[in-house]
Amino acid sequence: SALSISAFYKELRDMIQIINVQFAHPISYSTYGNIDFGTVKGLTFAYDLRRTSNIRMNVSYTLQFADGTGSDPNTSAGILAQQGQTNLREAKPLEFDQRHTFVTSFDFHYDKGKNYNGPILWGKQIFSNAGANLVFRAGSGTPYTRKSNITPEADFTTSANSRSVISGSLNGSRLPWQFKIDAKIDKNFTIKYGKKMDGESRHMAFASVYVQILNVLNTLNVNTVYRATGNPDDDGYLTSPGAQTAISNQTSPQAYIDLYQIAQNNPANYNLPRRIHLGVQFNF
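This one's a predicted model, so the numbers in the text were calculated from it and none came from an experiment.

Asks: Can you walk me through the overall build of the protein in this structure?
Replies: On a plain count of helices and strands, the protein comes out with 4 helices and 11 strands. In terms of overall size, the protein is more extended than a compact globule, its C-alpha atoms giving a radius of gyration of 28 Å where 284 residues would be expected to give roughly 19 Å. With respect to the three principal axes, the spread of C-alpha positions in the protein is 90 × 50 × 40 Å. The buried share among the 284 residues of the protein stands at 28%. Summarising the internal contacts of the protein: among those between residues at least 6 apart in sequence, 68% fall at separations of at least 24. As presented, the protein carries roughly 18,000 Å² of accessible surface, and 58% of it is formed by carbon and sulfur atoms.

Asks: Help me out: how do you make sense of the pattern of salt bridges in this one?
Replies: Under the criterion given, the structure shown has 7 salt bridges. Residue E11 pairs with R13 through a salt bridge whose shortest N-O separation is 2.8 Å. The class of E11 is partly exposed, set by a relative accessible area of 39%. We classify R13 as exposed; its relative accessible area is 60%. With its nearest N and O atoms 2.7 Å apart, the salt bridge here joins R174 to D97. Taken as a pair, R174 in strand β8 (residues 173–174) and D97 in the loop between β4 (92–93) and β5 (100–109) lie far apart in primary sequence, 77 residues in all. Given the relative accessible area of 0%, D97 is considered buried.

Asks: How should the packing of aromatic side chains be read in this particular structure?
Replies: Centre distance and the angle of the planes are the two values used to describe a pair of aromatic rings. All told, the structure shown has 8 aromatic pairs when counted by the stated rule. When the ring of F45 is compared with that of Y61, the centres are 6.4 Å apart and the planes differ by 15°; the resulting orientation is stacked. Taken together, the residues span a long stretch of sequence, with F45 in strand β2 (residues 29–52) and Y61 in strand β3 (residues 55–68) at a distance of 16 residues. With a relative accessible area of 36%, F45 lands in the partly exposed category. Cluster of aromatic residues (ring-pair linked, three or more members): F45, Y61, F102 and W177. Residue placement shows K184 over the ring face of Y210; its charged tip is 4.7 Å from the ring centre.

Asks: What exactly am I supposed to notice about unusual backbone geometry here?
Replies: Of note, the amide linkage connecting H25 to P26 takes the cis form, showing an omega dihedral of 10°. Residue placement: P26 occurs in the loop between β1 (2–21) and β2. Backbone geometry at S53 places phi at a positive 55°, although glycine is not the residue there. Locating S53 in the fold gives a position in the loop between β2 and β3. Notably, N129 is not glycine yet its phi reads approximately 55°, a positive angle. Along the chain, N129 turns up in the loop between β5 and β6 (130–139).

Asks: How should the environment of T158 be read in this particular structure?
Replies: Within the fold, T158 resides in helix α2 (residues 156–159). Judged by its relative accessible area of 32%, T158 is partly exposed. Considering only alpha carbons, one finds T158 and A183, 25 residues apart in sequence, at a separation of 44 Å.

Asks: What's the story with the nonpolar core in this structure? I'm lost.
Replies: Among soluble globular proteins, nonpolar side chains are generally buried collectively. The biggest cluster of nonpolar side chains holds 7 residues, and these are A154, Y237, L238, A243, I247, Y256 and Y260. Formed by 5 residues, the second largest nonpolar core is a distinct cluster that contains Y144, L175, V222 and V225.

Asks: Mind showing me how you'd approach a nonpolar patch on the surface here?
Replies: On the surface, a cluster of nonpolar side chains totalling about 740 Å² of accessible area is made up of F189, I191, Y193, V209, V280, F282 and F284. Those elements that provide at least two residues to the nonpolar patch are β9 (178–195) and β11 (275–283). With 3 residues, β9 is the largest single contributor of residues to the nonpolar patch. Examined against the element boundaries, F282 turns out to sit in strand β11.

Asks: What is the right way to look at helix α4 (residues 253–264) in this model?
Replies: Owing to its 3.6 residues per turn, the α-helix aligns residues three or four sequence positions apart on the same side. Between its first and last C-alpha atoms α4 spans 16 Å; for 12 residues at 1.5 Å apiece the expected length is 16 Å, and the two agree. On the buried face of α4, the contacting elements are α3 (244–248).

Asks: Honestly, the pairing of β3 in this entry has me stumped. Any pointers?
Replies: Looking along a regular strand, one sees side chains alternate from face to face of the sheet. Strand direction decides the pairing type here: β2 and β3, joined by 13 bridges, are antiparallel. Residue pairing for β3: Y47 is matched across the bridge by V59. Sheet topology places β3 next to β5; 9 bridges connect them, and they run antiparallel. The residue of β5 that forms the bridge with L63 is H100. Here β3 pairs with β4 via 2 bridges, running antiparallel. Bridging from a neighbouring strand, D67 pairs with P93 of β4.

Basis of the calculations
Residues numbered from 1 in each chain as written. Predicted model: local features only at pLDDT ≥ 70, side-chain atom pairs only at ≥ 80, totals over all residues. Heavy atoms only, no water. Helix = DSSP H or I, 4+ residues; strand = E, 2+ residues; numbered from the N terminus. Rg over C-alpha atoms; globule rule 2.2 N^0.38 Å. Buried < 20%, exposed > 50% of the residue type's maximum accessible area, 1.4 Å probe, protein only. Contact = heavy atoms within 4.5 Å. Areas by Shrake-Rupley, 256 points an atom, 1.4 Å probe, with all protein chains shown as cover. Salt bridge = Lys/Arg side-chain N within 4 Å of Asp/Glu carboxyl O. Phe/Tyr/Trp six-rings, centres within 6.5 Å; stacked < 30°, edge-to-face > 60°. Lys NZ or Arg CZ within 6 Å of the ring centre and 35° of its normal. Core = buried A, V, L, I, M, F, W, Y, C linked by side-chain atoms within 4.5 Å. Patch = residues over 30% accessible without salt bridge, like charges linked within 9 Å, V, L, I, M, F, W, Y side chains within 5 Å. Expected span 1.5 Å × (residues − 1). Pairing = 2+ DSSP bridges.

Listed below in structure tokens is the structure:
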């Protein structure tokens, strides 16, 4: 077994961000400049168990802090450019700041030949070079910026004209935790072909047959929420008092409501569901 502790520190400098150029002639204007900066720092604690009685295991926990002045080149567009503010820089959690990350890998495989200790049927080592691998992943939610006003985010015909009002601080809210289990079952084969003069095999190839299951428990992990409600399937517009007049003025209010409910429950707001892959890998 082995225990390890590692620390990491990374600086991001001269990243691109939108800026205001004040008092330019003939007018002030907005452009892009290399003014963003950030830091990523943290600790990783890991435990490794080398293969013992067919079992190998790795466990790790990472504590990370990712702070900076902008997660993308347009982070400051609403605060600086549209409102005519100066190019102030203040470090906030970046969009990929995942504070806690847990990863556990559990591997069980049988060896072959004299090291094989599995069941034998009809004189054959039926599970030689075969086994299974499980990977457990869990992570805390990444940041997002909450807003205080409700806008029709699922209606692309009107949402473009709606202005958001930030509630709290930039990236001051967090998405829910995410959890996922992946599994893989495989068996490796050695294929010998071609003969030498002494009868020995001239060539060898290696094949692996596997079944891979991603997101075994079909966990519904949320990766995007509506900023006014914090929910992935409801932006709050249909039940908001200010929207009732606009809804009643639609050609068919009930049809608008039904289609809006479908649109706001966007599949892109969730991570992928369970997937099963069958495959053969051939190496020679």
